[in-house]
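# Summary of structural features
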Amino acid sequence: MPRDIIIDTDPGQDDAIAILLALASPELNVLGITAVAGNVPLALTQKNARIVCELAGRPDTLVFAGCDAPLKRKLVTAEHVHGKTGLDGPQLADPTMPLQDRHAVDWIIDTCRAAAPDSITLCPLGPLTNIATALTRAPEIKQAIAEIVLMGGGYFEGGNITPTAEFNIYVDPEAADIVFSAGLPLTAMPLDMTHKALTTKPRIDAFRALGTRVGDMTAAWTDFFERFDMEKYGSEGAPLHDPTVIAYLIQPDLFTGRHINVEIETQSDLTLGMTVADWWRVTDRAPNCMFMGDLDAEGFYALLADRLARYS
Ligand code: RIB
Ligand code: CA
């Protein structure tokens, strides 16, 4: 029985590849895709989500626009990483599939209210504004949520937008605090792990070798997306953050981590958005998050190439 998921996203080249992976995987049933402001403003993330669904040959996918700004702060975007459009790299036509006219948060609430207990997995790939707003406005929806599996945070790796904060958490730390203290089963795919999932040349060549439009677009997106991280870290490729969330749902044994306490810094300007991960369990704070620290990178890319190969 496929697992019902909702992907909440701010495409973003890595978000795009995560959506392609999800739509190609029979283990998953994508109930809908909800866009949030993050890498680029909402007008672009909702458009980009539809571009990706059309690329996947799935114009039937329900795509909703959600929150256009964090709960309490000014939006911080990441055009320096993703380009002006958020999907820089290849030339892309505007989408023709419709954007649903309901607000993403209203749809998340109604969908969860109508769902069976523990039946929906939420997959946030961007700032947590939509998810936090839904949980705050309708706490009773927790009954339908089996698990939240998100890309965000970092501990040993530090931050990527400030010395201590990862982008998704930093953009809306108050929202992250709501999600991390919601008492729901929570799995985080942090920089500690994603920085070991690099887009090395052989891995990207494998996408290009597919000889399909999806393979070519994936390679073009990673070619563009990786230049920032390679320059900054001097690494052989960039971390392919968001697809690790979807890969975890399909093949969890690719990943290892610890169930620990993770709190979000929302007060200090210096460390705003830091995920304070009690990896060594030195406090008596209750564990609230499966915090991933490592992955089988070859296995991850093999899964990705296998699923992307299913697009003709
Ligand atoms: O820090 C990486 C995260 O921020 C990824 O989700 C990327 O798409 C950006 O949203
Ligand atoms: Ca993202």
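The model shown is predicted, which means the values in this text are computed figures rather than measured ones.

### A closer look at the pairing of strand β5 (residues 145-151)
The buried fraction of β5 is high, at six of seven residues. Note that strand β4 (residues 120-124) and β5 share three bridges and pair parallel. Within β5, the position partnered with Thr121 by the bridge is Glu147. The handedness of the β4 to β5 crossover, carried by helix α5 (residues 129-137), is right-handed. The pairing of β5 with strand β6 (residues 186-189) spans four bridges and is parallel. Among the inter-strand pairings, Val149 is bridged to a residue of β6, identified as Thr187.

### Digging into empty space enclosed by the protein
In the structure shown here, the tally under the stated rule is one cavity of 30 Å³ or more. Computed from the structure, the largest cavity encloses a volume of approximately 230 Å³. Along the walls of the largest cavity sit 21 residues, with Asn39, His82, Asn160, Phe167 and His241 positioned nearest its centre. Counting only elements with at least two residues in the lining of the largest cavity, the list comes to α1 (13-23), α3 (79-82), α6 (167-171) and α10 (213-233). Here the lining of the largest cavity is composed, by residue class, of nine nonpolar, six polar and six charged.

### What to know about the pattern of salt bridges
In the structure shown here, the tally under the stated rule is 16 salt bridges. One salt bridge connects Arg208 with Asp223, and the closest N-O pair in it is separated by 2.4 Å. Of this pair, Arg208 sits in helix α9 (residues 201-208) while Asp223 sits in helix α10, and the two are 15 residues apart along the sequence. Assessed through its relative accessible area of 36%, Arg208 is described here as partly exposed. Two residues, Asp306 and Arg310, come together in a salt bridge whose shortest N-O distance is 3.4 Å. The network of salt bridges with shared partners includes Glu27, Asp306, Arg307 and Arg310.

### Some thoughts on the coordination of the calcium ion (ligand 2)
Geometry sets the ideal angles at a metal, namely 109.5 degrees for four tetrahedral donors and 90 or 180 degrees for six octahedral donors. Summarising the metal site, the calcium ion (ligand 2) is bound by the protein donors Asp10 (OD), Asp15 (OD), Asp15 (OD), Leu125 (O) and Asp242 (OD), whose distances to it range over 2.3 to 2.6 Å. The class for Asp242 is buried, based on a relative accessible area of 1%.

### Structural notes on the environment of Gly159
Structurally, Gly159 can be placed in the loop between β5 and α6. The spatial distance from the C-alpha of Gly159 to the C-alpha of Ala56 is 32 Å, given a sequence separation of 103 residues. Setting aside its immediate chain neighbours within four residues, Gly159 contacts Thr164, Ala165, Glu166, Leu191 and Tyr233.

Cut-offs used in this document
Residues numbered from 1 in each chain as written. Chains lettered and ligands numbered in written order. Predicted model: local features only at pLDDT ≥ 70, side-chain atom pairs only at ≥ 80, totals over all residues. Heavy atoms only, no water. Buried < 20%, exposed > 50% of the residue type's maximum accessible area, 1.4 Å probe, protein only. Helix = DSSP H or I, 4+ residues; strand = E, 2+ residues; numbered from the N terminus. Pairing = 2+ DSSP bridges. Right-handed = clockwise from strand over helix to strand, strands pointing away. 1 Å grid on protein atoms, 1.4 Å probe; cavity = no way out; pocket = protein on both sides within 12 Å on 5 of 7 lines; lining within 4 Å. Points joined across faces, edges and corners; volume = space filled by probe spheres on them. Nonpolar A, V, L, I, M, F, W, Y, C, P; charged D, E, K, R; others polar. Salt bridge = Lys/Arg side-chain N within 4 Å of Asp/Glu carboxyl O. Donors = N, O, S within 2.8 Å, 3.2 Å for Na, K, Ca; no water. Contact = heavy atoms within 4.5 Å.

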